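# What the coordinates show
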Amino acid sequence: MKLIVLVKEVPDTYGDRKLDLETGLADRAASESVLDEISERALEAALAYADANEGAEVTVLSLAPAGSVATIRKALAMGAGSAIHVADEALLGADITLTAEVLAAAIARAGFDLVIAGNASTDGTSGMVPAAIAERLGIPHASRLSNIEISDAAVSGTRPVDGGTQKITAQLPAIASITEALPDPRFPNFKGIMAAKKKPLETLTLAELGIEVDRPDVARTIMLTVAEKPPRAAGVKIVDEGDAGAKLAEFLVENRLV
C-alpha cells in the first residue's frame, strides 16, 4: 500500500498573520511558518495505518517555497518514509486550479493507492483542493471524514451531515480528506529527527512535471486588488429610556438583520 499525504506550510496560527499589500500574498516574514495542524493529523492517520500494516509506504507531498525544507523534514521526523517537494518560483500565488493541477501531476508521477489530505488549510481555507485533485486524477473523493478506516481495497469513514452522520466508502485508488476530529498527531522524537536527515526528499519543478503556468486556454484566478482590513468601529449603544425595544427593532431593520 502506497499512501501519499499532502502537507502544507502555513503561517503560525498563534502569531500575527498579515497580507503583503503589494503582492496580496501572506507575509511570511511577519510570523513563523509551521506545518499545518490538519496536515499533521492527515499524516498521523497514514502513519497509524503503516504502523499496523507491514509494507505500507508513506510519502509526504508539499507544494511550497524553496525555503520550506525544514518544515517538510518535520513530517519525515514524525515517521514518513520519504518526501516530495514541488518548488518553483512560477507557483508564487498559485490559485486552487493550478495548485490541484501541480499536486495531481506529482501524485500521478509518484504512484499511489491512497492520498490523504486535510479538508481545508488554516491559511486559505478553500476546502476545494482535494476535490479538484480527485477530478484531475479521475478518482473518488471521500470528503470531510471525522474518522478513517483503510483496507487493501477501500477507504471509509463517517462525516457529519445535517441531522446526523453519513457513512461513506470509496474504492482505491482514492483521495480522502479529513477533519480536525481525527486524533492529535504524534511528536517527533530525537531518533526520528536524526533519521529525517537521511530520508529521501525529492525536489521537483514545473518543467519536470510538464506543467505550463501561462496557458491561454486554462482559466486562472488573478487577484486585482487587496486592502488592509479597516479598524473595528465602535458599536451602537442604546440607552433604555422606555423606548429601547423600539430603537433595537429599528436598528435591526435598518441593518437588514430581521
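Right above here is the structure, for reference.
For clarity, every value in this text was computed on a predicted model and none was experimentally measured.

Looking at where Glu44 falls in the secondary structure, it is placed in helix H1 (residues 37-52). Once you skip the residues sitting within four places of it in the chain, Glu44 turns out to touch Asp184, Pro185 and Arg186.

Okay, the nonpolar core next. Within the largest apolar cluster, 37 residues are counted, with the highest numbers of intra-cluster contacts made by Ile148 and Val155. Taken together, the elements giving at least two residues each to this core come down to strand S1 (2-6), H1, strand S4 (57-63), helix H2 (69-78), strand S6 (114-118), strand S7 (141-145), strand S10 (164-171) and strand S11 (174-178). Broken down by element, this core gets its largest block of residues, eight residues, from H1.

What follows is about the sheet that holds S11. The strand order across the open sheet formed by seven strands is S7-S11-S6-S1-S4-S5-S12, and the pairing between neighbours is parallel. In the strand order of this sheet, the two ends are held by S7 and strand S12 (201-204), each with one partner. The sheet shows a mean angle of 20° between the axes of neighbouring strands, taken without regard to direction. One ladder, built from five bridges, connects S4 with strand S5 (residues 82-86); its direction is parallel.

As a further point, take the sheet that holds strand S8 (residues 149-150). Overall, antiparallel pairing links the three strands, which are arranged S8-S9-S10 in an open sheet. Looking along the sheet, the strands with just one partner apiece sit at the ends: S8 and S10.

With that settled, consider a nonpolar patch on the surface. A cluster of nonpolar side chains, Phe190, Ile193 and Met194, forms an exposed patch at the surface whose accessible area comes to about 310 Å². Take Phe190: it is sitting in helix H5 (residues 190-196). Here Phe190 falls in the exposed class, since its relative accessible area comes to 64%.

So, on to the packing of H1 against H2. Two numbers describe how H1 lies on H2: the axes approach to 10 Å, and their chain directions differ by 30°. One finds that H1 runs roughly parallel with respect to H2. As for the relative orientation of H1 and H2, their crossing is right-handed in sense. Contacts between H1 and H2 involve Glu40, Leu43 and Leu47 from the former and Lys74, Ala75 and Met78 from the latter.

Our next topic: the packing of helix H3 (residues 96-110) against helix H4 (residues 129-137). Packed helices, taken two at a time, are described by the angle their axes make and the gap between the axes. Viewed as axis vectors pointing N to C, H3 and H4 meet at an angle of 55°, and their least axial separation amounts to 8 Å. Taken together, H3 and H4 sit at an angle that is classed as oblique. Where H3 crosses over H4, the handedness of that crossing is right-handed. Counted together, Ile96, Thr99, Ala100, Glu101, Leu103, Ala104, Ile107 and Ala108 of H3 and Val129, Ala132, Ile133, Arg136 and Leu137 of H4 form the full contact between these two elements. Partitioning the contact of H3 with H4 into residue classes produces 10 nonpolar, one polar and two charged.

Quick look at the environment of Glu250 now. Position of Glu250 among the secondary structure elements: in helix H7 (residues 244-254). With a relative accessible area of 49%, Glu250 lands in the partly exposed category.

Our next topic: unusual backbone geometry. The step from Leu172 to Pro173 runs through a cis peptide bond, and the omega angle for that step is 0°. With respect to the helices, strands and loops of the structure, Pro173 is situated in the loop between S10 and S11. Although it is not a glycine, Arg144 adopts a positive phi angle of roughly 50°. Among the secondary structure elements, Arg144 is positioned in strand S7. On the basis of relative accessible area, Arg144 is assigned to the partly exposed category, the value being 37%. Within the chain, Arg256 stands out as a residue other than glycine whose phi angle is a positive 55°. You can see Arg256 is positioned in the segment after H7. Classification of Arg256 as exposed rests on a relative accessible area of 76%.

On to the side chain of Glu101. With respect to the helices, strands and loops of the structure, Glu101 is situated in helix H3. Apart from residues no more than four positions distant in its own chain, Glu101 is found in contact with Arg136, Ile211, Arg215 and Arg220.

How each quantity is defined
Residues numbered from 1 in each chain as written. Predicted model: local features only at pLDDT ≥ 70, side-chain atom pairs only at ≥ 80, totals over all residues. Heavy atoms only, no water. Helix = DSSP H or I, 4+ residues; strand = E, 2+ residues; numbered from the N terminus. Contact = heavy atoms within 4.5 Å. Core = buried A, V, L, I, M, F, W, Y, C linked by side-chain atoms within 4.5 Å. Buried < 20%, exposed > 50% of the residue type's maximum accessible area, 1.4 Å probe, protein only. Pairing = 2+ DSSP bridges. Axes fitted to C-alpha atoms, helices over the stretch in contact; angles between N-to-C directions. Patch = residues over 30% accessible without salt bridge, like charges linked within 9 Å, V, L, I, M, F, W, Y side chains within 5 Å. Areas by Shrake-Rupley, 256 points an atom, 1.4 Å probe, with all protein chains shown as cover. Salt bridge = Lys/Arg side-chain N within 4 Å of Asp/Glu carboxyl O. Parallel < 35°, antiparallel > 145°, perpendicular 65-115°, else oblique. Left-handed = near helix turned anticlockwise from the far one by under 90°. Nonpolar A, V, L, I, M, F, W, Y, C, P; charged D, E, K, R; others polar.

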